[in-house]
Amino acid sequence: MILSGRGVTAVLGPTNTGKTHYAIERMVAHETGIIGLPLRLLAREVYTRLVDKVGQHNVALITGEEKITPHMARFSVCTVEAMPRETRASFVAIDEVQLAGDLERGHIFTDRVLHLRGRDETLLLGAGTMKPILEQMLPGIHVIERPRLSQLFYAGSKKITRLPQRTAIVAFSADEVYAIAELIRRQRGGAAVVLGALSPRTRNAQVALYQEGDVEYLVATDAIGMGLNLDVDHVAFAQDRKFDGYQFRNLNPAELAQIAGRAGRHLRDGTFGVTGRVDPFDDELVKRIETHQFDPVKVLQWRTTRFDYSSLQSLRLSLEAAPPIAGLTRALPAVDQQALEHLSRYPDVRDLATTPERVQKLWEACALPDYRRITPAQHADLISTLYADLVKRGTVNEDFMGDQVRRADRTDGEIDTLSARIAQIRTWTYVSNRPGWLADPTHWQEKTREIEDRLSDALHERLTKRFVDRRTSVLMKRLRENAMLEAEISVNGDVFVEGHHVGQLAGFRFTLVSGTEGPDAKAVQAAAQKALALEFEARAARLHAAGNSDLALGSDGTVRWLGDPVARLAASDHIMRPRVILLSDEQLTGNARDHVAARIERFVNHHIATVLKPLDDLSRAEDLQGLAKGLAFQLVENLGVLFRRDVADDVKTLDQDARASMRKHGIRFGAYHIFMPALLKPAPAELITLLWALKNDGLDKPGYGDLIPVLAAGRTSVVTDPSFERAFYKLAGFRFLGKRAVRIDILERLADLIRPLLQWKPGTPRPDGAYDGRRFTATTAMLSILGATPDDMEEILKGLGYRADSVKPEEAAAFLAAQAPAAAAAETPAEAATETSDEHDSDASDDSEAPATAVEALAAEAPAAVEAAAEGEAVEAKPVLLWRPGSRHDNQRQGGHRHGGERQGDRNGERQGDRLDRGDRRGGDRNRGQQAGERGERGERRDGGRGGRPDQGKGGRDGKPQGGNRPDRGDRNERSAKPQQAKFEARPPRKEKPIDPDSPFAKLAALKEQLKK
């Protein structure tokens, strides 16, 4: 074989030398021309450029899967495999001729380089490494070496997340490409992907995504090294080994340079480096890539084109022919030859391939590309089916083909599924473009092209959705254009930049959505803040003019405006005047900020003054003087509730005028508390709890806010939770009594029910629950107001400091029966009237119609129990508990029924002082009641708050445990005949203060005097 290079020009050089551009310019200067390119993708790019130059009707596009052939087209753009072996075109160009050394496709490039010529001009374009072998193979060839238009520099190793923008990251497997693209999306906003397995349409769309600036990164295989014109500044190798179809091997320096050369465009310099787990390049390799010094190509891959179709065996032998000249090496079996080897072992194929025409048809069928990347045997099975149809029917069975096409015509599924369908449909696109293979090729060409386009678009959409953050891509593009980003805020507070949701504005605080990181984050925030500055001004004006109904204070101390948090409360020096802290960004400044703060402070103060009006009015009261003013101050500081024992001295010192002035402000002097009943409601209690929590850092303490629903439900007592902060019970209006807590006002009603039972004197009508004037039993009325069971009642009375004596039911029944006649005889009309008057003066008057007591019920059951016992039944009657005020000696008694309560000494002392305000209201003489209370308190102080002398341990009769203190002096006239009280009569009585004629007690005393008359 004698070859010649006459009329052939080789334009050689590294990447970015303008070789392809030069070939296009030379081709359009001729009447006709043809150019062969290594990739269908690159062929499409050159086709588009030629159409722009000479018009669509003058350019044909011919690839294995696509044919655009206008009538009388002057120029043809082909893949090298689709180039004819002979042509009459004036001009021929073959790009990337160094691929003649490729193991898989090299023999096709070698054949075109050696044999295909233009009538007037032939250009061979490729790397400088081809110069020696071309000069050897084609003597007389004219070689033009073109220098690179820009320089290429090594940039070392960088982490993937720190790679500069406009970087192409190169890997050699789909899994690695996808993994890197996923990482780039999370860290930098997104990446386009280019793989050889993608359809050309999908690859074009992904390249366009990168070229148009929607993403800043491209993750690709070495497909980008084949002449794709990309705007790449840096190429980073994430892998340096690839599978070449036969084995895994390291890329040689020339291959690395071919890919690295994509960096830089025209006159702009580029850089290359490594990333991921790839070791940095050594100095020698870097120098060779930067200076484009590589080992020359020494041999070209070759396979005969002289096929012997006389028999199947002859065809196989002809493919084994050796190269005729030096510099060529027989190529390894390609896909078509591998398929032929498999098919030659199929009996049905051998039976069909019996003539030269049929053997040639078999070889044409073996040229079907393996787009699906399946095993050679599976690929051979498909070829066998097609070949049988071609021989037996003359064309491929369109029913079979239609079934295969329909299976691929679905756009659901993920990336791998769509890629597999595209590979399948590309197979049938190739079949439809083979001359003579189909009865209606035009129909199938259009149908398969339509399906492939639809699948390619779906794959592009899936790739973009998975590997591209659309918001980031759009913003980055706008930033590169140096455009001012447009931001807007919806009525719901959603913040949009360039139409993309970037954050939420709540009140005066802007929060970026998650994922707003990366190079565009600052620009996004800047654009958003510009819009927010104006919005803050407008919102501040609206809030300043807003009504109180637009604002709300939550139980967590947060102030909300139209549902959005705008401030929170914090502790200050005055518990009723908490500090307001704005919840706002720095953009709320100047007058706008001052207006917002002032408006929120006005709302908070108004809210507290409204919900806690009694307490607020008390804090501003000007009619209180001296001790009354001091006591009012303490009440405000303690948010409306004081334990009476804590202020016993102050209460004792108050005169009646001071007490009356305090009562006008809604203050009640109870047996156990000084309190304001108007505050024992859910709304005031919730606010009181919040104010205390702010002052005492209690928002996170256990039990915060849990007792308000109990109060709102109308519960008068509740089982206590030991894990709760105890102060929350008092703040919610409950008194903590060990295992149960009782509402404060109900506790005072309980004291009012107990008081007449301990003041009862034998010989007078006996109220329900009275026993002997010193002890009482729990009544249904008590259980009713407490909402408690008898067991609960026992816990509550113990908690209040009462002690129980246990007696048998029959003993209690006998005792009550003995006293009944005397009581009935002693009752007079005047006493009945007095009793009625006392009932109406009590807070528990509504319970005066209580059912029979437990004592009476048990007494009624006693005879039956005795009778049952007599008959031999083992029936144990429940004992009767007789409650009395406890003393400090109760726990020292022997043989008695011991009942304990918490803080016994304090409780007994408290009960001593708790009758201060009761004697003057119930005894008819306010001054005597006050004196009695004061004397009781003196007794408490002398004994260290433990309840007086031991010999007085029987307790008082005013409804509160006395701990042995003196009886109420308000009752001394009625009890002066009793010997045990005679020693008190020897003392000179206190000088009584004049009675206020307007007092209800004075009117009650006058009524009693009238009844006596």
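Residues numbered from 1 in each chain as written. Predicted model: local features only at pLDDT ≥ 70, side-chain atom pairs only at ≥ 80, totals over all residues. Heavy atoms only, no water.

Glancing now at the sheet that holds strand β6 (residues 91–94). Reading across the sheet, the eight strands line up as β4-β3-β5-β2-β6-β7-β1-β8 and stay open at both edges, with mixed pairing between neighbours. Edge positions in the sheet fall to β4 (67–68) and β8 (142–145), since each has one partner strand and no second. Note that strand β2 (residues 33–37) and strand β5 (residues 75–79) share five bridges and pair parallel. If you follow I34 over to β5, its bridge partner there is S76. Sitting on the sheet, helix α1 (residues 19–27) touches β1 (8–12), β2, β5, β6 and β7 (121–126), and the angle it makes with β7 is about 170°. Where helix α2 (residues 40–54) meets the sheet, it contacts β2, β3 (59–62), β4 and β5, and its direction lies at approximately 170° from that of β3. (Pairing = 2+ DSSP bridges. Helix = DSSP H or I, 4+ residues; strand = E, 2+ residues; numbered from the N terminus. Contact = heavy atoms within 4.5 Å. Axes fitted to C-alpha atoms, helices over the stretch in contact; angles between N-to-C directions.)

Where a strand is regular, its side chains alternate between the two sheet faces. When strand β24 (residues 558–561) meets strand β25 (residues 564–570), the two strands line up antiparallel, connected through four bridges. By the bridge assignment for β25, W561 is matched with D564. Between the antiparallel neighbours β24 and β25 lie two residues, among them L562 with a positive phi of about 55°.

This paragraph deals with the nonpolar core. Membership of the largest hydrophobic core comes to 76 residues, with the highest contact counts inside it found for F508, V559, M576, I600, L612 and L639. Every residue in contact with L612, bar those within four places of it in the chain, is listed here: M576, H607, L679, P684, L687, I688 and L691. One finds A171, Y371, A423 and L455 within the second-largest nonpolar core, a separate group that totals 64 residues. (Core = buried A, V, L, I, M, F, W, Y, C linked by side-chain atoms within 4.5 Å. Buried < 20%, exposed > 50% of the residue type's maximum accessible area, 1.4 Å probe, protein only.)

A few words now on the side chain of R40. Its place among the elements puts R40 in helix α2. Filtering out sequence-adjacent residues up to four positions away, R40 remains in contact with T63, E65, E66, T79, P200, R426, R449 and E452.

Quick look at the environment of A365 now. Of note, A365 is situated in helix α12 (residues 356–366). The spatial distance from the C-alpha of A365 to the C-alpha of A339 is 9.3 Å, given a sequence separation of 26 residues.

What follows concerns the side chain of T202. For T202, the location among the structural elements is in helix α6 (residues 200–211). Overall, the relative accessible area of 0% leaves T202 in the buried class. Beyond its immediate sequence surroundings of up to four residues, T202 is in contact with I422, S456, L459, H460 and L463.

Close contact between helix α10 (residues 335–343) and α12 brings their axes to 8 Å; oriented N to C, the two are set at 125°. If you check the angle between α10 and α12, you find them oblique. The chirality of how α10 crosses α12 is right-handed. Facing D336, Q337, A339, L340 and L343 of α10, the residues of α12 in contact are L362, W363 and C366. Tallied by class, residues from the contact of α10 with α12 come to six nonpolar, one polar and one charged. (Parallel < 35°, antiparallel > 145°, perpendicular 65-115°, else oblique. Left-handed = near helix turned anticlockwise from the far one by under 90°. Nonpolar A, V, L, I, M, F, W, Y, C, P; charged D, E, K, R; others polar.)

What follows deals with the packing of aromatic side chains. Evaluation of the coordinates by the stated rule reveals 17 aromatic pairs. Between F508 and W561, the aromatic rings sit 6.2 Å apart at their centres with planes inclined by 10°, giving stacked as the arrangement. Taken together, the positions of F508 in the loop between β21 (500–506) and β22 (509–512) and W561 in strand β24 put the pair 53 residues apart, joining distant regions of the chain. For the residue pair F508 and W561, the accessibility class agrees, reading buried in each case. Judged by centre distance (5.8 Å) and plane angle (65°), the ring pair of Y704 and F728 falls under edge-to-face. Here the residue Y704 occupies a position in the loop between α24 (682–696) and α25 (708–712), and F728 occupies one in helix α26 (residues 727–731), the gap between them amounting to 24 residues. Given a relative accessible area of 17%, Y704 falls into the buried group. Its relative accessible area of 2% is what places F728 among the buried residues. Cluster of aromatic residues (ring-pair linked, three or more members): Y154, F237, F272 and F281. (Phe/Tyr/Trp six-rings, centres within 6.5 Å; stacked < 30°, edge-to-face > 60°.)

Another aspect to go through is the confidence of the model for the protein chain. Mean pLDDT over the protein chain works out to 81, with 79% of the residues at or above the 70 mark. Across residues 826–855, where pLDDT falls below 50, the model places 48 contacts with residues more than four positions away in sequence or in other chains. Across residues 858–874, where pLDDT falls below 50, the model places 11 contacts with residues more than four positions away in sequence or in other chains. (pLDDT = per-residue confidence, 0-100.)

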